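If you want the building blocks of each chain, they are given just below.
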Amino acid sequence: QRKQDQMICRANYERDLKQLKDVVRDEEGFLMQHQLREERIAWITDHTISTNTLPDSFAEFYAKDAPPAADEEGAKEKPSSASKAGGDASKKKKEGAVEEIEHPDLTPPQALISQLKECIRIYSERWQHRNTGSDRIESQSHDVEMAKDLLIRGQVRSELTKDVEEKLMSNILKMKAVQDDGKKKKSKSNKADKGGKKKKKGGGGKKGGKKEKPLPGAKLAVLQDKSVQEMLCTLVQNGLARLPRECKLDDYIGGHERQVPVVTKQEDRWTPNNPSAFQLRRAILEYCILPLGSNQIKSTLDNAQNVRSVLLYGPKKCGKSLVVEAIASELGALVIDLSSSAVGSRYESKELATTLIHMAFTVAKEKEYAPVIILLDNCHEFFAGKSKKGKMAGKDDASGMDMSRFQKDLLIYKNQALKKEDRVLVMGCTDVPDKADLKLLKWKGPKGKPEKQGMFERSLYFPR
């Protein structure tokens, strides 16, 4: 009977192991995956900042936790001392001296003691209360929690680790390939520029066309000798440049298509119709994902179709942030977060604000880092108009920070610096668009000064 019970329990145990794996993956898999991803992204960031290069593998990540190699010098000294002792004994024999019996060393090796202590600890914690005393467990059935601790969680963690590292390494290899292509194109363009200068040197005449005004950050001394890579390292170090969290546009679930417009008209009031999630996904695919994801598609667009900035607005918790992360994840884009929550109390002066905006747009325009999304969460803080007293009303009530110091530079860099060939998209999110100045928030066209043209070229309303 006991043998039969053991066989039944064994079959139940093997069957439950497969089910437990799915249970642990469903209940704890997301948290495990997030933790594994954050640990490796933090290491990649530190490695990139310290060495100025992206890692080739995760070998160094595991090497930092590996124990130091054992010192072999003691092992080398032992044979020499033993041979010396043997030589002394032979000398004594030759001299006819009385041979002393050497007692063996009865001290056990330290490694063996450590293993025994570990075995005793495991027995005391896991098994002792099950085998003796009043709480003795006579059942042959398995312990679910112990199975999870000793077997299942380790298996699930190793599988998730493999998936996370493969995806991260795939992104790193793509970034390296883009960097190499960018360097080659840059060297070719430099050679072409030098050749063009030599040809133009002897020629005279005035240059036709209107000369573009230099960008505000071009005059700052602190940025004169700073390379694009150094600017990116500064943004990463301050937590402003990051990779997106993994999610898909299909995660934004909604109903069927309705016969109502998705893109709101450029009117003075925020009174759009309620679009379906299907329409929103289609508009995002058209304005954001396809142009940024393909150079070929972007090159076929005319200036009216080339969207450089999109505003997502609607009530809180309606999916705006999820959609931004989904767009960046689908594109494999770098996210430069200039929101008040990310910037914090840094870059307080006007000069420091100009420095930040210049670095962000310079990195974004660099082809080897494309595509790039510049995120302005709670964008009404940046484009608040003047109050009746003539003061700027751009102070965030929650954080107490005045974000209007970035307003002019954001408008100039978006309207003047971003060209058709740049795979850059400025995305804003807000739940209170009425707090912003409509003249600043909505793009009016390419005429006039860049700081007067307005910011967002398309507006998408997200209903609750």
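Above this text sits the structure in question.
What this report covers is the structure whose coordinates are included nearby.

A look at the overall build of the protein chain
Helix and strand counts for the protein chain stand at 13 helices and six strands. Out of the 464 residues belonging to the protein chain, those deemed buried represent 37%. Relative to all contacts within the protein chain whose residues are 6 or more apart in sequence, the contacts with residues 24 or more apart total 78%. When the accessible surface of the protein chain is summed, it comes to about 29800 Å², and 52% of that surface belongs to carbon and sulfur atoms.

Concerning the sheet that holds strand β5 (residues 424-430)
If you walk across this open sheet you meet the six strands as β1-β3-β4-β5-β2-β6, and the pairing is mixed. Two strands bound the open sheet, and with one partner strand each, they are β1 (241-242) and β6 (458-461). Two strands pair when backbone bridges link them, and β1 and strand β3 (residues 334-337) are joined in this way by two bridges, in the antiparallel orientation. Bridged to Arg 242 within β3 is Val 335. Sitting on the sheet, helix α7 (residues 277-293) is in contact with β2 (309-313), β4 (372-377), β5 and β6, with an inclination near 145° to β6. Seen against the sheet, helix α9 (residues 320-331) touches β1, β2, β3, β4 and β5 and runs at an angle of roughly 165° to β5.

A short note on the packing of aromatic side chains
Tallied over the full model, the rule gives nine aromatic pairs. When the ring of Trp 43 is compared with that of Phe 61, the centres are 5.8 Å apart and the planes differ by 70°; the resulting orientation is edge-to-face. Here the residue Trp 43 occupies a position in helix α1 (residues 2-51), and Phe 61 occupies one in helix α2 (residues 59-63), the gap between them amounting to 18 residues. Here Trp 43 matches Phe 61 in class, with each residue buried. Members of the aromatic cluster, connected to one another through ring pairs, are Trp 43, Phe 58, Phe 61 and Tyr 62.

A short note on the side chain of Thr 161
When you line up the elements, Thr 161 lands in helix α5 (residues 144-201). With sequence-adjacent residues up to four places away left out, Thr 161 is seen in contact with Leu 36, Arg 40 and Tyr 62.

Some remarks on the packing of helix α11 (residues 350-365) against helix α12 (residues 407-417)
Helix-helix packing is characterised by the crossing angle of the two axes and by the distance between the axes. As a packed pair, α11 and α12 sit with axes 10 Å apart at the nearest point and diverge in direction by 25°. Compared by their axis directions, α11 and α12 come out roughly parallel. Handedness of the α11/α12 crossing: right-handed. Contacts from Lys 350, Ala 353, Thr 354, Ile 357, His 358, Phe 361 and Lys 365 in α11 reach Asp 409, Leu 410, Tyr 413, Lys 414 and Ala 417 in α12. Taken together, the residues of the contact of α11 with α12 break down into six nonpolar, two polar and four charged.

Some thoughts on a positive patch on the surface
A cluster of basic residues, Lys 213, Lys 219, Lys 408, Lys 439, Lys 444, Lys 449 and Lys 452, forms a positive patch at the surface. In this structure, Lys 439 sits in helix α13 (residues 438-441).

Focus: the pattern of salt bridges
Summed over the entire model, instances satisfying the criterion amount to 16 salt bridges. For Glu 246, the salt bridge identified is with Arg 37, shortest N-O distance 3.2 Å. With a gap of 209 residues between them, Glu 246 in the loop between β1 and α7 and Arg 37 in helix α1 connect regions that are remote in the sequence. The structure contains a network of salt bridges with shared partners spanning Lys 21, Arg 25 and Glu 159.

A closer look at α11
Between its first and last C-alpha, α11 extends 23 Å over 16 residues, near the 22 Å set by a 1.5 Å rise per residue. Within α11, burial applies to Ala 353, Thr 354, Thr 355, Leu 356, Ile 357, His 358, Met 359, Ala 360, Phe 361, Val 363 and Ala 364. On its buried face, α11 is in contact with α6 (228-237), β3, α10 (340-343), β4, α12 and β5.

Digging into the pairing of β2
Along β2, five of the five residues are buried, which leaves the element largely enclosed by surrounding structure. The alternating pattern of β2 places Ser 309, Leu 311 and Tyr 313 and Val 310 and Leu 312 on opposite faces, both of which are buried. For β2 and β6, the ladder comprises four bridges, and the chain directions are parallel. By the bridge assignment for β6, Val 310 is matched with Arg 458.

What counts as what
Residues numbered from 1 in each chain as written. Predicted model: local features only at pLDDT ≥ 70, side-chain atom pairs only at ≥ 80, totals over all residues. Heavy atoms only, no water. Helix = DSSP H or I, 4+ residues; strand = E, 2+ residues; numbered from the N terminus. Buried < 20%, exposed > 50% of the residue type's maximum accessible area, 1.4 Å probe, protein only. Contact = heavy atoms within 4.5 Å. Areas by Shrake-Rupley, 256 points an atom, 1.4 Å probe, with all protein chains shown as cover. Pairing = 2+ DSSP bridges. Axes fitted to C-alpha atoms, helices over the stretch in contact; angles between N-to-C directions. Phe/Tyr/Trp six-rings, centres within 6.5 Å; stacked < 30°, edge-to-face > 60°. Parallel < 35°, antiparallel > 145°, perpendicular 65-115°, else oblique. Left-handed = near helix turned anticlockwise from the far one by under 90°. Nonpolar A, V, L, I, M, F, W, Y, C, P; charged D, E, K, R; others polar. Patch = residues over 30% accessible without salt bridge, like charges linked within 9 Å, V, L, I, M, F, W, Y side chains within 5 Å. Salt bridge = Lys/Arg side-chain N within 4 Å of Asp/Glu carboxyl O. Lys, Arg positive; Asp, Glu negative; His and termini not counted. Charge placed at Lys NZ, Arg CZ, Asp CG, Glu CD. Expected span 1.5 Å × (residues − 1).

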